[in-house]
Amino acid sequence: MKLAALLTSAGINTAVSVVLFSLYSVLRKQPSFVNVYFGAKIAQVRSRQQDAFRFDRFVPSPSWILKAWETSDEEICATGGLDAVVFVRMIVFSFRIFSIAAIVCNFLVLPLNYFGKEMQRHQIPAETLEVFTIANVEEGSRWLWAHCLALYLVSCCACFLLYLEYKSISRMRLAYFTSSVSNPSYFTVLVRAIPWSREESYSGTVARFFTNFYASSFLSHQIVYRSGSVQKLVTDAGKVCKMLKLTPRELHIGSNSMRCGLCGTTASFSMLPMDAEGDKGRSDFGGSDLRKKESAAALVFFRTRYAALVASQSLQSRNPMSWVTNLSPEPGDMYWSNICVPYRLLWIRKVAILVASMALVAFFIVPVSLTQGLVHLDKLQKTFPFLKGVLKRKAMSQLATGYLPSVVLIIFMYMVPPIMLLFSTLEGSTSRSGRKRSASIKVLCFFIWNVFFGNILSGSVIERFSKIFKDVNYLLATAVPSTATFFMTYVLTSGWASLSCELMQPFGLLCNLFYIFILRNKDVTTYGTLTFPYHTEVPRILLFGLFGFVYSTLSPLILPFLLVYFSLAYLVYRNQILNVYVTKYQTGGTYWPIVHNATIFSMVLMQVIAMAVFGLKKSTVASSFVIPLIIMTLLFNEYCRQRFQPLFMQIPAQILIEMDRQDEQNGKMKEIHQKLTTSYTQFKSKSRTLGDPMPPNNSCRLEDLEINPGSNF
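Residues numbered from 1 in each chain as written. Predicted model: local features only at pLDDT ≥ 70, side-chain atom pairs only at ≥ 80, totals over all residues. Heavy atoms only, no water.

## Some points on the overall build of the chain
Scanning the chain from N- to C-terminus turns up 30 helices and six strands. Of the contacts formed within the chain by residues at least 6 apart in sequence, a portion of 84% connects residues at least 24 apart. Summed over all atoms, the accessible surface of the chain reaches about 32800 Å², with 63% contributed by carbon and sulfur. (Helix = DSSP H or I, 4+ residues; strand = E, 2+ residues; numbered from the N terminus. Contact = heavy atoms within 4.5 Å. Areas by Shrake-Rupley, 256 points an atom, 1.4 Å probe, with all protein chains shown as cover.)

## Some details on helix 23 (residues 506-517)
Here helix 23 contains twelve residues, and its C-alpha end-to-end distance of 16 Å stays within 8% of the 16 Å for a straight helix at 1.5 Å per residue. All of the buried residues along helix 23 are L509, N512, Y515 and I516. Looking down the long axis of helix 23, one finds its buried residues gathered within 125° of arc, a one-sided arrangement. Counted as exposed and oriented over 90 degrees from the buried face of helix 23: F507 and L510. (Expected span 1.5 Å × (residues − 1). Buried < 20%, exposed > 50% of the residue type's maximum accessible area, 1.4 Å probe, protein only. Arc of directions from axis to C-beta.)

## Re the environment of P539
The residue P539 is located in helix 24 (residues 534-551) in this model. A residue is classified by how much of its surface remains accessible, and P539, at 1% relative accessible area, is buried. Note: C-alpha distance between P539 and F446 (93 residues apart in sequence) is 9.3 Å. Non-local contacts of P539, meaning those with residues more than four positions away in its chain, are made with S440, V443, L444, F447 and Y534.

## Section: the packing of aromatic side chains
Taken as a whole and assessed by the stated rule, the structure comprises 43 aromatic pairs. Between Y24 and W64 the ring centres are 5.3 Å apart and the planes differ by 90°, which places this aromatic pair in the edge-to-face class. In this pair, Y24 sits in helix 1 (residues 3-27) while W64 sits in helix 4 (residues 63-70), placing the two residues 40 residues apart along the sequence. According to the relative accessible area criterion, Y24 is buried, its value standing at 0%. W64 gets classed as buried once you look at its relative accessible area, which sits at 2%. (Phe/Tyr/Trp six-rings, centres within 6.5 Å; stacked < 30°, edge-to-face > 60°.)

## Some points on the pattern of salt bridges
Evaluated as defined, the whole model comprises twelve salt bridges. Among the ionic pairs, E427 bridges to K442, the shortest N-O distance being 2.9 Å. Placement of the pair is E427 in helix 19 (residues 416-427) and K442 in helix 20 (residues 432-464), with a sequence separation of 15 residues. With a closest N to O distance of 2.7 Å, R641 and E638 form a salt bridge. Here R641 pairs with E638, and both are found in helix 27 (residues 620-643), just three residues apart, close to one helical turn. Taking relative accessible area as the criterion, R641 reaches 39% and is therefore assigned partly exposed. (Salt bridge = Lys/Arg side-chain N within 4 Å of Asp/Glu carboxyl O.)

## Section: the pairing of strand 2 (residues 218-225)
Taken across its eight residues, strand 2 has six buried, putting it largely inside the fold. As judged from the six bridges shared by strand 2 and strand 5 (residues 294-302), these two strands associate in the antiparallel manner. Looking across to strand 5, one finds that S220 is bridged to F301. (Pairing = 2+ DSSP bridges.)

## What to know about the packing of helix 13 (residues 346-363) against helix 19
Between helix 13 and helix 19, the least distance of the axes is 8 Å, while the angle of their chain directions is 165°. For the element pair helix 13 / helix 19, the angle class is roughly antiparallel. For the element pair helix 13 and helix 19, the recorded crossing hand is right-handed. Within the contact between the two elements, helix 13 uses L346, R349, K350, I353, A356, S357 and L360 and helix 19 uses I419, M420, F423, T425, L426 and E427. Among the residues forming the contact of helix 13 with helix 19, the class breakdown is eight nonpolar, two polar and three charged. (Axes fitted to C-alpha atoms, helices over the stretch in contact; angles between N-to-C directions. Parallel < 35°, antiparallel > 145°, perpendicular 65-115°, else oblique. Left-handed = near helix turned anticlockwise from the far one by under 90°. Nonpolar A, V, L, I, M, F, W, Y, C, P; charged D, E, K, R; others polar.)

## Digging into helix 27
Over its 24 residues, helix 27 extends 36 Å from the first C-alpha to the last, a length consistent with the 34 Å expected when each residue adds 1.5 Å. All buried positions along helix 27 are accounted for by A622, S623, V626, L629, I630, T633, F636, N637 and C640. On the buried face of helix 27, the contacting elements are helix 6 (144-179), helix 26 (592-616) and helix 28 (645-649).

## Comments concerning the sheet that holds strand 1 (residues 188-192)
The four strands lie next to each other as 2-5-1-6, forming an open sheet whose pairing is antiparallel. Of all strands in the sheet, those bounded by a partner on one side alone are strand 2 and strand 6 (324-327). Averaged over all neighbouring strand pairs, the angle between strand axes comes to 25°, with direction disregarded. Bridge count between strand 1 and strand 5: five bridges; the pairing is antiparallel. Note on strand 5: the bridge partner recorded for R192 is A297.

## A closer look at the confidence of the model for the chain
Any region with low pLDDT has predicted coordinates that should not be read closely. Chain-level statistics for the chain give a pLDDT mean of 78 and a share of 72% at 70 or above. Note on residues 685-713: pLDDT under 50 across the span, and 93 contacts to partners over four residues away in sequence or across chains. (pLDDT = per-residue confidence, 0-100.)

## A word on a nonpolar patch on the surface
On the surface, L345, W347, I348, V351 and V355 cluster together into a nonpolar patch covering about 480 Å² of accessible area. Note that L345 resides in the loop between helix 12 (336-339) and helix 13. (Patch = residues over 30% accessible without salt bridge, like charges linked within 9 Å, V, L, I, M, F, W, Y side chains within 5 Å.)

In structure tokens form, the structure reads like this:
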């Protein structure tokens with residue numbers, strides 16, 4: 001690929017980003033789209049909406065950029081919780097380390113790469129991108145020491161910054177524990193695999209067991225009842241039957257009636273209620289049926305936090321597969337349908353999901369190979385001669401090599417996060433946050449293998465299939481630098497353009513237009529809200545971090561594009577956290593260990609590939625000097641794992657004991673015990689219907705949602 005093709009891709013993505021950013025600054029001012037771009041504020045502000053026409057509503061403005069820049073981490077934490085702060089700190093860490101890498105590598109390594117061989121020079125736009133990579137350095141060149149020095153500088157700075165971030169976030173997590181005094185999950189233990197008995201119900205078995213063995217600390221318990229999609233289908237079928245029996249007058253009086261804007265008829269139709277995310281475990285069977293719906297799981301409440309911690313970490317019986325205990329998730333974090341899954345079946349589900357994930361990875365090798373075929377046009381033309389005429393045109397060649405490969409791959413990649421989230425749900429996670437964390441790890445592993453290694457291997461397959469399995473070291477040393485050009489365009493397309501789409505919220509925008517023009521429902525405050533998609537965005541940020549580490553010394557030209565991406569991501573995601581996404585539960589920053597482990601993996605991979613490249617370039621001394629760096633990086637990771645990771649796995653007993661003593665001295669313990677029994681509500685009497693208007697005091701005025709550029713919200 002020539003530099004002109006890369007500039008073509010950069011120009012296209014820059015134009016798309018500017019247009020979408022400008023369009024977003026206009027659409028966010030429109031009253032009809034307030035629910036799309038201010039979902040978080042709708043949940044907070046109570047006022048009246050006005051649709052007055054103002055000319056400034058149709059003029060792009062940078063007010064949202066200034067607001068996102070000026071917002072402090074304390075405000076981010078108050079709005080999105082500690083998880084949102086961790087996500088922003090991940091972007092800040094990436095920007096800092098790659099700023100250092102860009103300064104070191106672009107001023108030290110890049111000139112050495114460009115002048116690494118004696119060759120005929122062309123004008124800069126006509127140069128191929130390979131001349132800017134380490135592949136252009138001659139074998140045995142003494143300048144490879146500069147690459148080794150840059151590798152040490154980037155690795156040491158990354159470890160130092162990573163340690164500071166881990167230490168800072170650990171301190172935030174401890175502060176999160178101490179500030180969550182009234183969190184009912186500290187008093188609650190989730191018990192699964194309760195033994196079945198013919199003589200008594202599950203509820204009686206739980207009461208007898210904990211009264212016998214935890215008499216001094218046991219407070220009460222709550223049985224979890226079976227519920228799920230099947231029960232919801234039965235309930236909805238009953239509602240349909242009732243609606244069919246209603247007269248037209250009775251049907252019109254209902255609050256769920258809407259008019260169809262597609263066919264133009266004035267006759268109204270009714271919509272079945274859609275359960276909110278927190279109501280998915282709702283059931284409509286009566287109290288007499290609850291006894292029959294008991295599952296082998298229960299929530300057990302203890303008198304103190306420390307007693308609940310001890311019970312959750314203890315082996316309760318001689319059979320480890322019965323009376324399994326863990327600290328309960330927060331009430332809003334409970335995933336009720338998975339709690340009812342028999343504990344003995346969980347390992348089978350995990351094995352099945354592992355097999356399904358491997359099959360999905362194998363399936364995606366096809367589109368990955370297709371994208372690499374577009375990068376290697378010369379080899380593609382040999383395989384498909386009929387493409388020679390089309391690809392001889394300069395514009396088509398630049399478009400095919402600089403833009404289309406990453407677009408094709410991105411289209412296929414959008415299918416992955418929803419599938420992995422489904423897999424994580426089927427695994428049996430008892431919390432919504434645990435489900436998203438599991439999906440984040442799956443998506444990250446998928447991206448690393450299919451986007452990074454898949455493109456490297458598929459590019460090598462096109463060039464030399466017979467040598468792939470003979471020398472892995474040779475493969476890494478030659479294939480990784482040659483694929484740097486593709487990942488530059490991938491950063492441009494998947495990075496810059498994806499941020500524009502994140503701002504625009506195209507899916508929410510289409511749904512909004514559907515409700516307004518098809519369903520004729522102009523009450524924009526009646527639609528649902530979104531939670532932050534950590535399982536999609538965390539893997540994407542970490543994947544770009546992997547690109548930055550691996551290619552910092554091999555092809556430093558990628559670093560400026562990454563810095564632009566992280567700068568835009570910092571502003572875009574802070575804006576989305578403040579205005580769009582609603583926080584329904586928190587995990588206390590448990591995403592950071594994923595970030596740390598992925599960063600260590602990227603650093604070690606960078607060092608291993610650099611060692612292989614140095615060996616290929618016949619610089620054995622430089623290659624040998626990388627080995628101590630790998631060992632030091634692994635030792636640093638082990639230290640962090642011992643020093644910080646336990647804080648993200650368990651709650652310190654010291655903090656819980658101090659909180660218990662403070663509540664007992666202040667006389668608050670009795671009040672806390674009274675609230676415990678009503679904290680976890682599996683069944684709700686009703687859920688808000690999609691077409692139901694909100695109460696009059698919950699509607700939102702545009703001036704209060706920062707739609708006016710002069711607003712100080």
